Amino acid sequence: ALAASPLAPAAAAPVVASKTTPPSAAAAAAAHLEAPVDDAPKTRATRSYAFTILAAGLVAGSSTAWQSTFQTTLRGLAPAKIGWLGFATTASGIAGAWLV
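Figured I'd write up the structure that's included with this text. Owing to the predicted nature of the structure, the values given are computational and were not obtained by experimental measurement.

On to a nonpolar patch on the surface. Together, Phe51, Leu54 and Leu58 line one region of the surface with nonpolar side chains, adding up to about 350 Å² of accessible area. In this structure, Leu58 sits in helix 2 (residues 40-68).

Attention shifts here to the packing of aromatic side chains. Describing an aromatic ring pair means giving the distance of the ring centres and the angle of the ring planes. A full pass over the atoms with the stated rule returns two aromatic pairs. Where Trp66 meets Phe70, the ring centres are 5.0 Å apart and the plane angle is 85°; that geometry is what we call edge-to-face. Look at Trp84 and Phe87: their rings are 5.6 Å apart centre to centre, the planes differ by 90°, and that puts the pair in the edge-to-face class. Of this pair, Trp84 and Phe87 both sit in helix 4 (residues 79-99), three residues apart, which is roughly one turn of that helix. Since its relative accessible area comes to 59%, Trp84 is described here as exposed.

Cut-offs applied
- Residues numbered from 1 in each chain as written.
- Predicted model: local features only at pLDDT ≥ 70, side-chain atom pairs only at ≥ 80, totals over all residues.
- Heavy atoms only, no water.
- Patch = residues over 30% accessible without salt bridge, like charges linked within 9 Å, V, L, I, M, F, W, Y side chains within 5 Å.
- Areas by Shrake-Rupley, 256 points an atom, 1.4 Å probe, with all protein chains shown as cover.
- Salt bridge = Lys/Arg side-chain N within 4 Å of Asp/Glu carboxyl O.
- Helix = DSSP H or I, 4+ residues; strand = E, 2+ residues; numbered from the N terminus.
- Phe/Tyr/Trp six-rings, centres within 6.5 Å; stacked < 30°, edge-to-face > 60°.
- Buried < 20%, exposed > 50% of the residue type's maximum accessible area, 1.4 Å probe, protein only.

Below is the structure:
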C-alpha cells in the first residue's frame, strides 16, 4: 500500500443532509421566488401614506396662502388684531396637527 503524502488533501467526508443543515443559497433563492407574494397590504399602506402627505400638504399650503393675504384681506382691522389672528391660525394648525 502507498503511504499517504503529508501534502495530499484529506479525503472529504460525505455530506449528509440533516434537519439542522441550512439549504443551499440556490435552494433558498428558488424557494423565495416560488413563495406567494401578498402585495395588497403594502399597496394600501403606500396609498394611505401618500394620501396623508397630500392632505397635509394641501392644508399647510392653503394656510400659508391665506396667512400671506391677511394684511390686504382684513384691511379694516388694526394691524395688531391681524397679527393675533395670524397667531391664532398658526396655533390652531399646530394643535390640529398634534391631534391628527
